[in-house]
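Next come the chains, spelled out residue by residue.
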Amino acid sequence: MNVIHEPAAISAFVVTAELAKQITNLRSQHLILLTVCNSVNKSQLEILAANIAVLTNSMFEEMIHFQDAQVISRLAEVLVPRTPVPPRLLKEASLLVQARKAVLDSGDWLTAAQISELKGLSTVHPSAQPNKWKKLGKIFAIHHKGIDYYPGYGLDPENSFRPNKELATIITIFAGHKKSWGMAYWFLAANGFLGGKRPQDLLCTRPEQVIQAAIDEVKAIAHS
């Protein structure tokens, strides 16, 4: 930085807050004024302007840095829980993750496009037919990362991969008790009413027993 060494030509002084208010109506503790004599040449003024620009830029950067730190601090306060997460909630979250992973890893889930491919339907609007089935309560779907997945075991290969007729009955039985993921857990888990078999494995071969198991499940929920 270039510094001017001619105090007679350019000088600076500090005035009190009272005088500053009278001059500029600014609410600052001090006001710094620069006085420039007529004898100051263009070169000196350019050096002075450059020095002021450097000082102003430095002050601006410090202000931005301070404001950024405040913003980050406020964001941290919002994102971090007010109190530590109870161990019970952590355990429940862990169990939920494991359950959903087990459902997804079972490999029994199809997208609307895959169902359309199985049925030989148009792929222009692949979700149209599966969505219609879902709205009519003929099949259910789990929603994962923005995509609906339909249970492959709920489709009847002997009927052009349309939803198994008994599946609609089971969905009706679980209405108000189990939704999409809840039904997915139930169909995947070994069932004591079915002799330890999974409902999804017996839906096509022993549908009436699976329906009775669903009724038994609802009764157990009602008495719990």
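Definitions and limits used
Residues numbered from 1 in each chain as written. Predicted model: local features only at pLDDT ≥ 70, side-chain atom pairs only at ≥ 80, totals over all residues. Heavy atoms only, no water. Buried < 20%, exposed > 50% of the residue type's maximum accessible area, 1.4 Å probe, protein only. Helix = DSSP H or I, 4+ residues; strand = E, 2+ residues; numbered from the N terminus. Contact = heavy atoms within 4.5 Å. Phe/Tyr/Trp six-rings, centres within 6.5 Å; stacked < 30°, edge-to-face > 60°. Lys NZ or Arg CZ within 6 Å of the ring centre and 35° of its normal. Core = buried A, V, L, I, M, F, W, Y, C linked by side-chain atoms within 4.5 Å. Salt bridge = Lys/Arg side-chain N within 4 Å of Asp/Glu carboxyl O.

### Concerning helix α7 (residues 180–188)
Taken together, the buried positions of α7 are occupied by W181, M183, A184, W186, F187 and L188. The inward-facing, buried residues of α7 abut α3 (87–105), β3 (109–110), β4 (142–144), α6 (165–173), α8 (199–202) and α9 (207–222).

### A closer look at the packing of aromatic side chains
For the coordinates displayed, the defined rule picks out seven aromatic pairs. With a centroid separation of 6.0 Å and an interplanar angle of 75 degrees, the aromatic rings of W109 and Y153 are classed as edge-to-face. In this pair, W109 is assigned in strand β3 and Y153 in the loop between β5 (147–151) and β6 (155–156), connecting sequence segments 44 residues apart. With relative accessibility at 9%, the residue Y153 sits in the buried group. Ring geometry for F174 versus W186: centroids 5.0 Å apart, planes at 75 degrees, classification edge-to-face. One end of the pair, F174, is in the loop between α6 and α7; the other, W186, is in helix α7, and 12 residues separate them in sequence. Pair check on accessibility: F174 and W186 agree, each one buried. Here a set of aromatic residues connected by ring pairs shows up, and it is made of W109, F140, Y153, F174, W186 and F187. The ring of W181 has R100 lying over it, and the distance from NZ or CZ to the ring centre is 4.3 Å.

### Some details on the nonpolar core
Ranked by internal contacts, the top residues of the largest apolar core, which has 33 residues, are W109, F140, I170, W186, F187 and V210. Considering each element in turn, this core owes the most residues, six residues, to α7.

### A few points about the pattern of salt bridges
Across all of its chains, the model carries five salt bridges by this definition. A salt bridge links E217 to K178; the shortest N-O distance between them is 3.4 Å. Placement of the pair is E217 in helix α9 and K178 in the loop between α6 and α7, with a sequence separation of 39 residues. We note a salt bridge from R198 to D201, for which the minimum N-O separation is 2.8 Å. Overall, the relative accessible area of 29% leaves R198 in the partly exposed class.

### Focus: unusual backbone geometry
In this structure, K145 is a non-glycine residue whose phi angle is positive, near 50 degrees. One can find K145 in the loop between β4 and β5. Owing to a relative accessible area of 76%, K145 belongs among the exposed residues under this scheme. Even without glycine at this site, S160 takes up a positive phi of about 55 degrees. Residue placement: S160 occurs in the loop between β6 and β7 (162–163).

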